[in-house]
Amino acid sequence: MNNFIINSVKVSEEQYNRIKNIRQLPDEEIDFSDIPPISKEELKKFKPARLREKNLNVAS
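Treat the numbers as computed from the prediction; the structure is a model and nothing was measured.

Engineer: What exactly am I supposed to notice about the overall build of the chain here?
Structural biologist: Each helix and strand counted, the chain has three helices and two strands in total. Tracing the chain from N to C terminus, the helices and strands come up as β-β-α-α-α. For the chain, the residues scored as buried account for 7% of the 60 residues in total.

Given below as structure tokens:
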């Protein structure tokens, strides 16, 4: 079995192919069940990294 490196992490050929083809996966086939729900209050506190780095605010 060949090993591939992605971002300094060894992955199997199967993992590599899944990652390589992820953009072709339709949104309906993405499993979000392992992501915890987020409340509106938590979402209001969210500030993307690109804005944090520049110390900018999100327009409301």
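There is more to say after this.
Engineer: Hey, could you run me through the pairing of strand β1 (residues 3–6) in this one?
Structural biologist: When a strand is regular, its side chains alternate between the sheet's two faces. As paired strands, β1 and strand β2 (residues 9–12) are joined by four bridges and run antiparallel to one another. Its bridge partner lying in β2, Asn3 is registered against Ser12. Between β1 and the antiparallel strand that follows it, β2, lie two residues; Asn7 among them carries a positive phi value of about 50 degrees.

Engineer: Just checking my understanding: could you explain the packing of aromatic side chains for this structure?
Structural biologist: Remark: the centre distance and the inter-plane angle together describe each pair of aromatic rings, the angle taken between the planes. Summed over the entire model, instances satisfying the criterion amount to one aromatic pair. Measuring from ring centre to ring centre gives 4.5 Å for Phe4 and Tyr16, while their planes differ by 10 degrees; the resulting arrangement is stacked. Of the two residues, Phe4 sits in strand β1 while Tyr16 sits in helix α1 (residues 13–20), which places them twelve residues apart along the sequence. The exposure class assigned to Tyr16 is partly exposed, which follows from its relative accessible area of 27%.

Engineer: Please explain unusual backbone geometry as it appears in this structure.
Structural biologist: Working note: non-glycine residues mostly have negative phi, and peptide bonds are mostly trans. Its identity is not glycine, yet Asn7 carries a phi of approximately 50 degrees, on the positive side. For Asn7, the location among the structural elements is in the loop between β1 and β2. The class of Asn7 is exposed, set by a relative accessible area of 71%. Of note in this structure, Ser8 is not a glycine but carries a positive phi near 70 degrees. Among the residues examined, Ser8 registers a relative accessible area of 72% and is labelled exposed.

Engineer: Sorry, what's going on with the confidence of the model for the chain here?
Structural biologist: Low pLDDT marks regions whose predicted coordinates should not be analysed in detail. Overall, the predicted model of the chain reaches an average pLDDT of 82, with 80% of residues at or above 70. Within the chain, no element has a lower average pLDDT than helix α3 (residues 49–54), which sits at 65, and none a higher one than β2, at 91.

Rules used in this analysis
Residues numbered from 1 in each chain as written. Predicted model: local features only at pLDDT ≥ 70, side-chain atom pairs only at ≥ 80, totals over all residues. Heavy atoms only, no water. Helix = DSSP H or I, 4+ residues; strand = E, 2+ residues; numbered from the N terminus. Buried < 20%, exposed > 50% of the residue type's maximum accessible area, 1.4 Å probe, protein only. Pairing = 2+ DSSP bridges. Phe/Tyr/Trp six-rings, centres within 6.5 Å; stacked < 30°, edge-to-face > 60°. pLDDT = per-residue confidence, 0-100.

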